[in-house]
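# Structure assessment
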Amino acid sequence: MTNGIGRAAGALLTYGFLGLMAFLSVFPFFWMILGATNSSIDIIKGRVLPGAALATNVSTFFTQVNAPLVFWNSAKIAILSTVLTLAVSSLAGYGFEIFRSHHRERLYRAMLLTLMIPFAALMIPLFIMMGKAGLINTHIAVVLPTIASAFVVFYFRQCTKAFPSELRDAAKVDGLKEWQIFLFIYVPVMRSTYAAAFIIVFMTAWNNYLWPLIVLQSNETKTITLVISSLASAYYPDYGVVMVGTVLATLPTLAVFFFMQRQFVQGMLGSVK
Amino acid sequence: MVHARRGSIGRYYDVNGWLFVAPVLGLIGLFMIYPIVWSLWMSFQSGRGMMMKFAGFANIVRLWNDPVFIKALTNTMTYFVVQVPIMIVLALILASILNNPRIFGRGLFRTAIFLPCVTSLVAYSVLFKGMFAPDGVVNSTLAALGVISSPIPWLTHPFWAKVLVIIAITWRWTGYNMIFYLAALQNIDRSIYEVARIDGVPAWARFTHITIPLLKPVILFTTVISTIGTLQLFDEVYNLTEGRGGPSNATLTLSLYIYNLTFRFMPNFGYAATVSYVIVVLVALLAFFQFFAARERDK
């Protein structure tokens, strides 16, 4: 009897806790969407009901912000950065596995140590470097320092351990060169690894803030995160408009996440194995 | 000698290995190693803007007498000491509950709790700033529940502004850590838990005696990653508290101070580089202690 009651209480506690955590996690999204339909004053007053200001907010957003350009800037940076990072990191992830030099592990460990270098310590030299190269205010300057990611190399190397070596040996017998094996066998076989890495890198690049804030100084080059931040830091921010902006800025990453959720979880599994 | 014995096959692999690895190493060298060394050199220089000259340890001496730096350091360490343990424990509890296949709707719970990771640091900071406004939804809910009688000044009170930053980062990152633990838990044989259950080991003891020891490498990994993240905190404080570091610098972090020193005040690259090296040293020290602590418990 007591055991049964104990178990019921345990279940209640467990589901209560999970429910509360899920609610707290999701509520800001819900509030963001409601916010887009409310006037700034209602939002500040904490209204949690749909309002009638959606059309006004959207049209104000599109008159204040050159939305197509801003989204194009964000998309350009995110896609360029993702494609280049995946290319370079998967090459290295594969390379570290086929590498037979006795320097391999030492080199790999040294590379992983760079994970501990905080960006704050790099930003001033990088800013001066970009200035000297005449790249301030360009999207290339935003993308370049993000390409080499020790974390993504680490991820690809972990996943490459699952790549069947028989496949490689067979290809070698057929006379394929190493780069051909990589391009025509490794890349297609490791599709899900690429998908998961794509999500992680794309989200990071799309959401990047500090470095673009430093490098992109003119309105023509600004990304959506920079625009939202400046809308929200106005003296009297129009919260309805800000909410429209945050909804629009969050939609692409939300879409990527839901579209590729299964690959994402598989990818994370692969990295821990 | 070793090379000679390995012969041409060894060299073939070597050349290919180097070629595959070279792009990343080149980029890391150019955009990480070179700047970090340059930054170290800069920290021994002083001057306005690009007019810098060697200053020896003057910048380090200045650190000790800079109340704003001390404030930023204290704040950063407060976030680290309070927030990282809360988040790791919360993520572990959530992961171990959601790893149980008998939990109803666990896919849904998992997605919901992971969802915050999808947002940008800027977007959620802006959201939180609105939610925690004086008359905002959080204060009105707390008042309706009878928890508070007057609104909490989340954005303008030095203490509550810090609490708000901690709440915000916990919201954003708990699900992220949880996914790592879930992934690791799925590699653990479930029969271990079954046996423990049949033997009458209570849930809490299963958590502390099976889950935590088995997850130790992943816990170490996430702790180090979170440490690095917390010490670099910028986007949230910049966007939650008006870019200056909150009421009387109450939420100022080291990264934000570096940004202010470089781009907001009269640029002083040398001193800013010195402050940035404080973060480098802290990250290295804390990571070392965490690895050391993990190794000690192994014995």
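Along each chain, residue indices are assigned from 1 in the same order as the chain's sequence is written. To read the labels, note that chains go from A and ligands from 1, taken in the order they are written. Reporting of local features is limited, given that this is a predicted model, to residues whose pLDDT is at least 70; pairs of side-chain atoms are given and counted only at 80 or more, and all residues count toward the totals for whole chains, interfaces and linings. Calculation of side-chain values draws on the structure's entire complement of heavy atoms; hydrogens and water are dropped beforehand.

## A word on the packing of aromatic side chains
In this description, an aromatic ring pair is defined by two values, namely the gap between the centres and the angle between the planes. Two rings from Phe, Tyr or Trp (for Trp, the six-membered ring) form a pair when their centres are within 6.5 Å of each other. A pair whose planes differ by under 30 degrees is stacked, one over 60 is edge-to-face, and the rest are tilted. Inspection of every chain in the model, using the stated rule, returns 44 aromatic pairs over all chains. On the basis of an interplanar angle of 70° and a centroid distance of 5.6 Å, the ring pair of Phe182(A) and Phe20(B) is categorised as edge-to-face. Taken together, the residues span two chains, with Phe182(A) in helix α10 (residues 178-189) and Phe20(B) in helix α1 (residues 2-42). Here's how the labels work: a residue is buried when its accessible area is under 20% of the maximum for its type, exposed when over 50%, partly exposed in between, all with a 1.4 Å probe on protein chains only. Of the residues examined, Phe20(B) reaches a relative accessible area of 5% and is grouped as buried. For the pair Phe202(A) and Trp206(A), a centre-to-centre distance of 6.0 Å together with 20° between the ring planes defines the contact as stacked. With a gap of four residues between them, Phe202(A) and Trp206(A) both fall in helix α11 (residues 191-207), about one helical turn apart. By relative accessible area, which is 8% here, Phe202(A) ends up buried. Members of the aromatic cluster, connected to one another through ring pairs, are Phe29(A), Tyr124(B), Phe128(B), Phe132(B), Trp154(B), Phe159(B), Trp160(B) and Trp171(B). Strands are runs of DSSP state E lasting at least 2 residues, helices are runs of H or I lasting at least 4, and numbering of each runs from the N terminus.

## Brief notes about the layout of surface pockets
Considered as a void within the structure, the largest pocket measures approximately 1,100 Å³ in volume. The wall of the largest pocket is formed by 28 residues, among which Thr14(A), Ile97(B), Asn100(B), Ala203(B) and Arg206(B) lie closest to the centre. Elements represented by at least two residues in the lining of the largest pocket include exactly α1 (2-36) of chain A together with α3 (67-98), α8 (190-198) and α9 (203-214) of chain B. Side-chain classes follow a simple rule in which Ala, Val, Leu, Ile, Met, Phe, Trp, Tyr, Cys and Pro form the nonpolar group, Asp, Glu, Lys and Arg form the charged group, and the remainder, Gly included, forms the polar group. Looking at side-chain class alone, the lining of the largest pocket contains 14 nonpolar, nine polar and five charged residues. Here the term cavity refers to a set of points on a 1 Å grid, laid over the protein atoms alone, in which a 1.4 Å probe fits but cannot get out; the term pocket refers to an open set having protein on both sides within 12 Å along at least five of seven lines, with lining residues being those that place an atom within 4 Å of a point. Grid points are joined across faces, edges and corners, and a volume is the space filled by probe spheres set on the points.

## Observations concerning the pattern of salt bridges
Residues and elements named next belong to chain A. For this analysis, a salt bridge means a side-chain nitrogen from Lys or Arg found within 4 Å of a carboxyl oxygen belonging to Asp or Glu. Per the stated rule, a full pass over the model turns up six salt bridges over all chains. Between Arg104 and Glu105 there is a salt bridge, and its shortest N-O distance comes to 3.1 Å. Given a relative accessible area of 29%, Glu105 falls into the partly exposed group. Of the charged contacts in the structure, one is a salt bridge between Glu105 and Arg157, with a shortest N-O distance of 2.9 Å. Taken together, the residues span a long stretch of sequence, with Glu105 in helix α5 (residues 104-113) and Arg157 in helix α8 (residues 150-160) at a distance of 52 residues. Look at the salt bridges and you will find they share partners, linking Glu97, Arg104, Glu105 and Arg157 into a network.

## Overview of the domain arrangement of chain B
All names here are of chain B. Taken domain by domain, chain B consists of domain 1 (8-55) and domain 2 (60-294). When two components associate, each loses some accessible surface as probed by a 1.4 Å sphere; the sum of these losses over both components is called the buried area. Taken together, both faces of the contact between domain 1 and domain 2 bury some 880 Å²; the carbon and sulfur share is 65%. Here domain 1 and domain 2 share zero salt bridges between them. We define a polar contact as two N or O atoms separated by no more than 3.5 Å, with the added condition that, inside protein, one atom must be a possible hydrogen donor and the other a possible acceptor, whereas residues neighbouring each other in sequence contribute only through side-chain atom pairs. Across the domain 1-domain 2 interface, the total number found is two residue pairs in polar contact (both at pLDDT 80 or more). For the side of domain 1 that touches domain 2, the secondary-structure elements that each account for two or more residues are α1 and β1 (45-46). Take the side of domain 1 that touches domain 2: its biggest share by element is four residues, from α1. Here the residues of the side of domain 1 that touches domain 2 are counted per class, giving five nonpolar, six polar and one charged. For the domain bounds, the source is a domain assignment made automatically or taken from a database.

## Section: the UniProt feature "transmembrane region" (unreviewed entry) in chain B
As annotated in UniProt, the feature "transmembrane region" (unreviewed entry) corresponds to residues 20-41, 77-95, 107-127, 159-183, 214-234 and 269-293 of chain B in the numbering used here. Taken as a whole, residues 214-234 of chain B contains 81% helix and 0% strand, while its terminal C-alpha atoms sit 33 Å from one another. UniProt positions are given in the numbering used here, feature names are shortened, and annotations may be inferred rather than shown by experiment.

## Some points on the nonpolar core
What is meant by a nonpolar core is a set of buried Ala, Val, Leu, Ile, Met, Phe, Trp, Tyr and Cys residues, joined one to another through side-chain atoms within 4.5 Å. Formed by 168 residues in total, the largest nonpolar core has its most connected members in Phe128(B), Tyr181(B) and Val275(B). Here this core takes 14 residues from helix α13 (residues 269-298) of chain B, the largest share from any one element. Structurally, this core is a two-domain feature, drawing no fewer than three residues from each of domain 1 (8-55) and domain 2 (60-294) of chain B. Contact definition: two residues touch when any of their heavy atoms are within 4.5 Å. Setting aside anything within four residues of it in sequence, one finds Tyr181(B) in contact with Ile88(B), Ala91(B), Leu92(B), Ala95(B), Leu215(B), Val218(B), Ile219(B) and Thr222(B). With 19 residues, the next largest nonpolar core counts Tyr94(A), Tyr155(A), Ala197(A) and Val201(A) among its residues.

## Some details on the interface of chain B and chain A
Many authors give the size of an interface as the accessible area that is lost as the parts come together. The partner chain A presents 89 residues to the 87 residues of chain B that form the contact. Interface area for chain B against chain A, summed over the two sides, is near 7,900 Å², with a carbon-plus-sulfur share of 81%. Counted by class, the side of chain B that touches chain A contains 63 nonpolar, 17 polar and seven charged residues.

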